[in-house]
Amino acid sequence: MRDPSPTPDRTNEPYRWRWLILAVMIVAEIMDLLDASIVNVAGPDLERSLGAGSVGLQWVIGGYALTLGAGLVLGGRLGDRYGRRRMFLIGLAAFTACSLLCAAAPNIESLITFRLLQGTAGAMLLPQGLGLLRENFSGPELTKVFAVFGPVLGLGGIVGPVLGGFLIEGDFFGLGWRSVFLVNLPIGIAALAVAATSVPQKAGDRTVRVDMTGAALVAASCALLVLPLNQGQEEGWPLWTWLSMAASVTGFALFALQQRRTAAAGREPLVTPGLLRKPAFTVGLGGIALFFGGLIGTQLVLTLFLQIGRHFSAGDAGLGNLPLAVGTAIGGAVSGAFLADRIGRKVLQIGPLVQLAGAAVLWFELDGLDAASFSIWDIVPGVTVAGVGAGMVIAALFSFILAAVDDDEIGSASGVLSAVQAVGGSIGVAVFGSVFFARAKAGDFTGGFHRALIVQAGLLVVFLAITFLLPRKGRPEEEQHLTPRPDRRRPEHGTGRSPRTAGSGRSGGDLSVAGQSARPVRTRTRS
């Protein structure tokens, strides 16, 4: 058996090491999701070690998501220009190095700074994953990939507090909270070694221009939104917080205008204009922001309630998230294996209804708590049911939206989707943290949790409403009638050779060519 080659041969067969690519992509995504949630249980430890208050904790969690979300669209375009493999390896190496810096942080200010840098590295890393999968898988295999990808990612984010609690509680080698960042080192190094030998070489398109003006507008608008949400509760919502949020809305509007003008002038915008004409994509973006804002925010409140309100240790608070993780796994398995392909968008409507039922059960469970005898079992039913509903949505949401994305839109779509998810999570952390602490500071921890459940219910109702604006299936109806594509012998530039299957690992060529012999043809034509 020959070793995996980063430049596979041109054959009609799919790239033989493509399943290793899926494994590496999942590992990289899970590293990000763990780092987004693993520090949820580190609050008391950070307070003792670095003197972090509630605002500092929100910045450690939300600051990472802020720079991640602000840079993801740019990261996707950099992958288009310089090659996904190259940007993936650079992003993975930088992410691993930043994890080491976070572990070594001497004070809360430096930890927040390193977390911002870590989010920036993640922004270079994550958009490449979806693009690499779309380049190396096609047809039924691609459906299987997304069926695996969605539930694993949803579960990865929720397992974060469980793993974080275990590491902090174990206090291995006296590292305390620092171990939640050091865990990335062996994982990152191993993923780098596998990716360097298994991910195929494919040159980027140097004719792609990276819109730095658009990238700056996105970054500034995200910062203007998240900054007041994190600081407002602590400072009593002064005038500057409201002006900052208004400026953020203006900034996003200017970004949309600037993108249209850039495209009209014949230059490359950060967001491919065709994406915004796809209902499954545009409506789905709003759904992702609402759903993940509510999910991540509620998960944070659950952890804070257990640690601060019920004085659970980090390990016990982490285990308190286990029913949510189990429910998510069950919901994802049911959705991915049985429902998503059969009932289309209805699974995205059943999921939030199940979550709302779980939130209602949890509300009444909280009302009946006995502070003296409370245990995690008192709230397991409500948390588990809510997790089942979340898993049903997570398993279907990304694959449903990405089904509408054409090959030449991969970089832009991957960056936008991941950015909206990250920024939505960052806003969720800020909003739900502020709602909880507004009551928790007066000692009413149950009231803080109740208020968080009300906010989550509102977001789920809006999410449910917009799902009715989605197409019944991910692809428009005219794209669902598919016929096999013949092997077009379109010569590549200067080679006289024709492109083969997706995952052939060839250099050059645009993404719209990838996998023509393996992918079905749509009945409509694109200019």
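Below is a short write-up of the structure.

Conventions we followed
Residues numbered from 1 in each chain as written. Predicted model: local features only at pLDDT ≥ 70, side-chain atom pairs only at ≥ 80, totals over all residues. Heavy atoms only, no water. Helix = DSSP H or I, 4+ residues; strand = E, 2+ residues; numbered from the N terminus. Buried < 20%, exposed > 50% of the residue type's maximum accessible area, 1.4 Å probe, protein only. Contact = heavy atoms within 4.5 Å. Areas by Shrake-Rupley, 256 points an atom, 1.4 Å probe, with all protein chains shown as cover. Core = buried A, V, L, I, M, F, W, Y, C linked by side-chain atoms within 4.5 Å. Patch = residues over 30% accessible without salt bridge, like charges linked within 9 Å, V, L, I, M, F, W, Y side chains within 5 Å. Salt bridge = Lys/Arg side-chain N within 4 Å of Asp/Glu carboxyl O. Axes fitted to C-alpha atoms, helices over the stretch in contact; angles between N-to-C directions. Parallel < 35°, antiparallel > 145°, perpendicular 65-115°, else oblique. Left-handed = near helix turned anticlockwise from the far one by under 90°. Nonpolar A, V, L, I, M, F, W, Y, C, P; charged D, E, K, R; others polar. Expected span 1.5 Å × (residues − 1). Phe/Tyr/Trp six-rings, centres within 6.5 Å; stacked < 30°, edge-to-face > 60°.

For the rest of this paragraph, the subject is the overall build of the chain. Of regular secondary structure, the chain possesses 17 helices and zero strands. Within the chain, the proportion of its 527 residues that are buried is 57%. The contacts in the chain between residues at least 6 apart in sequence include a share of 81% that link residues at least 24 apart. Just so you have it, the chain exposes about 20800 Å², and 65% of that area is on carbon and sulfur atoms.

Here we come to the nonpolar core. The biggest cluster of nonpolar side chains holds 124 residues, and the ones touching the most others in it are Phe88, Leu111, Phe281, Phe305, Leu306 and Ile379. Here the element with the most residues in this core is helix α11 (residues 279-309); it accounts for 14 residues. Ignoring any residue separated from it by four or fewer positions in sequence, one finds leucine 306 in contact with His311, Phe312, Ala317, Gly320, Phe374, Ile376 and Ile379.

The next subject is a nonpolar patch on the surface. On the surface, Leu319, Leu322, Val326, Ile330 and Val334 cluster together to form a nonpolar patch covering roughly 390 Å² of accessible area. Among the secondary structure elements, valine 334 is positioned in helix α13 (residues 322-343). Its relative accessible area of 33% is what places valine 334 among the partly exposed residues.

Attention now moves to unusual backbone geometry. Trans is the prevailing form of peptide bonds, just as negative phi is the prevailing case for residues other than glycine. Even without being glycine, phenylalanine 173 reaches a positive phi, approximately 55 degrees. Of note, phenylalanine 173 is situated in the loop between α6 (139-170) and α7 (179-182). On the basis of relative accessibility, which here comes to 83%, the residue phenylalanine 173 falls in the exposed class. Residues other than glycine seldom take positive phi values, yet histidine 311 does so here, at roughly 60 degrees. As for its position among the elements, histidine 311 is in the loop between α11 and α12 (314-320).

This next bit is on the pattern of salt bridges. If you walk through the whole model with that rule in mind, you get one salt bridge. One salt bridge connects aspartate 444 with arginine 439, and the closest N-O pair in it is separated by 2.7 Å.

So, about the packing of helix α14 (residues 346-367) against helix α17 (residues 445-467). Where α14 meets α17, the axes come as close as 10 Å, and the angle between the chain directions of the two elements is 165 degrees. Judged by the angle between their axes, α14 and α17 are roughly antiparallel. As α14 packs across α17, the resulting crossing turns out to be left-handed. Contact residues: Leu348, Gln349, Pro352, Leu353, Gln355, Leu356, Ala359, Leu362, Trp363, Leu366 and Asp367 in α14; Thr446, Phe449, His450, Leu453, Ile454, Gln456, Ala457, Leu460, Val461, Phe463, Leu464 and Thr467 in α17. Among the residues forming the contact of α14 with α17, the class breakdown is 16 nonpolar, six polar and one charged.

This paragraph deals with helix α10 (residues 239-264). For α10, spanning 26 residues, the distance from its first C-alpha to its last is 38 Å, which sits close to the expected 38 Å at 1.5 Å a residue. Listed as buried for α10 are Thr241, Ser244, Met245, Ser248, Gly251, Phe255, Gln258, Gln259 and Thr262. Phi turns positive, to about 85 degrees, at glycine 266, one or two residues after α10.

Let us now look at α11. Taking 1.5 Å per residue, 31 residues should reach 45 Å; α11 reaches 43 Å between its end C-alpha atoms and fits that length. Where α11 ends, the next residue or the one after it, histidine 311, has phi of about 60 degrees, a positive value.

Applying the stated criterion across every chain yields a total of nine aromatic pairs. Considering the side-chain rings of tryptophan 237 and tryptophan 242, the 5.8 Å spacing of their centres and the 40 degrees angle between planes classify their relative orientation as tilted. Centre to centre, the rings of phenylalanine 291 and phenylalanine 292 are 5.2 Å apart; their planes meet at 90 degrees, and the pair counts as edge-to-face. Judged by relative accessible area, phenylalanine 292 falls into the buried class, the value being 6%. Put simply, the rings of Phe291, Phe292 and Phe463 pair up and form one aromatic cluster.

With respect to the secondary-structure elements, phenylalanine 432 resides in helix α16 (residues 410-440). Counting along the chain gives 203 residues from phenylalanine 432 to leucine 229, while the straight-line C-alpha distance between them is 9.8 Å. Excluding residues that lie within four positions of it along the chain, phenylalanine 432 makes contacts with Gly293, Gly294, Gly297, Thr298, Val301, Ala452, Val455, Gln456 and Leu459.

Our focus in this paragraph is the packing of helix α3 (residues 54-82) against helix α4 (residues 84-103). Between α3 and α4, the least distance of the axes is 8 Å, while the angle of their chain directions is 150 degrees. The angle between α3 and α4 places the two elements in the roughly antiparallel class. In this structure, α3 contributes Tyr64, Gly76, Leu78, Gly79, Asp80 and Tyr82 to the contact, and α4 contributes Arg84, Arg86, Met87 and Phe95. Across the contact of α3 with α4, the residue classes break down as five nonpolar, two polar and three charged.

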